[in-house]
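Coordinate inspection notes
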Amino acid sequence: MTTSPQASSTGDGSRPAGGPPPWVAAVAIGTLVLGALLIGLQLLGLNVIAPAPSPTIPPTGQAAQRTWDQVAAALRAQQFQVQEPQVPYRPGESPDLVDVPRRLVQAILPSDPNGGFVVIYELPTNGDADRIGHEFATYLASGTGAVQFPRDTQFVLQRVGQTLVFFPWSAEANPDPRLPALAAALQGVGEPVTP
């Protein structure tokens with residue numbers, strides 16, 4: 001006896017149901033209802049989703065200004081011209097530094113007009129600068145931190161009171177012959193921070 005084309009291949013004689021299992025439909029409908037509910041609550045002014053951190057970083061204070069003046073003087077002593085940067089710059093940094101007030105100084109490099117940036121982070125206290133500086137140095141030495149920079153990048157990380165001075169440089173990415181002198185000038189400001 002032959003099996004009719006409508007019979008199931010499961011052998012029990014029942015017909016297979018079409019479509020996905022019922023739980024897939026229940027999850028999809030539940031997700032749509034939850035999404036509509038969240039959107040409705042947002043429209044009513046009820047903030048049920050945590051707001052993102054403010055994209056604006058607070059301004060720096062007198063400590064960052066004093067460190068900026070020291071950095072600028074050290075660079076000028078080595079015949080570098082310095083300026084307030086004309087373009088935005090933000091290096092790879094550890095999560096602890098994302099919202100920390102910062103100030104930039106740029107050493108003018110004729111071979112790289114968009115390089116020579118030095119970042120000055122201003123922390124609330126000397127202890128915070130010391131702790132976060134050590135964490136930042138450890139981060140830069142880790143795989144997570146290192147992948148944000150070219151492979152041959154060297155880092156200058158100095159602590160001046162409650163501020164951190166940071167300058168990453170790569171001879172591969174920028175072959176300017178004055179980069180080592182720039183890094184050496186910055187190493188004379190404050191105390192080196194190590195992991």
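Structure first, text after, so check above.
Residues numbered from 1 in each chain as written. Predicted model: local features only at pLDDT ≥ 70, side-chain atom pairs only at ≥ 80, totals over all residues. Heavy atoms only, no water.

Time to look at the pairing of strand β3 (residues 117–122). In terms of burial, β3 is a largely internal element, 6 of the 6 residues being buried. What you see with β3 is no split at all: F117, V119 and Y121 on one side and V118, I120 and E122 on the other are buried throughout. Pairing geometry for strand β2 (residues 102–107) and β3, over 5 bridges, is antiparallel. When the sheet's bridge partners are listed, R103 is paired in β3 with I120. As paired elements, β3 and strand β5 (residues 163–169) share 4 bridges and run antiparallel to each other. The residue bridging Y121 from the neighbouring strand is L164, located in β5. (Buried < 20%, exposed > 50% of the residue type's maximum accessible area, 1.4 Å probe, protein only. Helix = DSSP H or I, 4+ residues; strand = E, 2+ residues; numbered from the N terminus. Pairing = 2+ DSSP bridges.)

Moving on to the nonpolar core. With 24 residues, the main nonpolar core has V71, L75, V118, V165, F167, L182 and L186 as its most contacted residues. Looking at this core, the elements with two or more residues in it are α2 (62–77), β2, β3, β4 (154–160), β5 and α5 (179–187). For this core, the element with the most residues is α2, which contributes 6 residues. The residues touching F167, leaving out its near neighbours within four places in the chain, are G116, F117, V118, Q154, F155, V156, L179, L182, A183 and L186. (Core = buried A, V, L, I, M, F, W, Y, C linked by side-chain atoms within 4.5 Å. Contact = heavy atoms within 4.5 Å.)

Now for unusual backbone geometry. The phi dihedral of Q79 falls on the positive side, at around 70°, and the residue is not glycine. If you trace the backbone, Q79 turns up in the loop between α2 and β1 (82–83). Judged by its relative accessible area of 64%, Q79 is exposed.

So, on to the layout of surface pockets. Its boundaries defined by the atoms lining it, the largest pocket holds a volume of some 300 Å³. Contributing to the lining of the largest pocket are 20 residues, with Y89, G115, P168, W169 and S170 lying nearest its centre. With 3 residues, β5 is the largest single contributor of residues to the lining of the largest pocket. Across the lining of the largest pocket, the residue classes break down as 11 nonpolar, 7 polar and 2 charged. (1 Å grid on protein atoms, 1.4 Å probe; cavity = no way out; pocket = protein on both sides within 12 Å on 5 of 7 lines; lining within 4 Å. Points joined across faces, edges and corners; volume = space filled by probe spheres on them. Nonpolar A, V, L, I, M, F, W, Y, C, P; charged D, E, K, R; others polar.)

Examined against the element boundaries, D130 turns out to sit in helix α3 (residues 126–141). We classify D130 as partly exposed; its relative accessible area is 33%. Separated by 63 residues in sequence, D130 and V193 place their C-alpha atoms 7.8 Å apart.

Here the focus is the pattern of salt bridges. The final tally for this structure, using the stated rule, is 7 salt bridges. A salt bridge links D130 to R159; the nearest nitrogen and oxygen atoms lie 3.8 Å apart. With a gap of 29 residues between them, D130 in helix α3 and R159 in strand β4 connect regions that are remote in the sequence. For R159, a relative accessible area of 15% corresponds to the buried category. A salt bridge links E191 to R159; the nearest nitrogen and oxygen atoms lie 3.5 Å apart. With E191 in strand β6 (residues 191–192) and R159 in strand β4, this pair connects stretches of sequence that are 32 residues apart. The exposure class assigned to E191 is partly exposed, which follows from its relative accessible area of 46%. What emerges from the salt-bridge pattern is a single network uniting R90, E93 and R102. (Salt bridge = Lys/Arg side-chain N within 4 Å of Asp/Glu carboxyl O.)

Turning our eyes to something else, we now look at the packing of α2 against α5. Taken N-terminus to C-terminus, the directions of α2 and α5 make an angle of 135°; their axes are 9 Å apart at the nearest point. By the angle class used here, α2 and α5 are oblique. The interaxial crossing formed by α2 with α5 has right-handed handedness. Note on element contacts: α5 touches α2 through L182, A185 and L186, opposite V71, A74 and L75. (Axes fitted to C-alpha atoms, helices over the stretch in contact; angles between N-to-C directions. Parallel < 35°, antiparallel > 145°, perpendicular 65-115°, else oblique. Left-handed = near helix turned anticlockwise from the far one by under 90°.)

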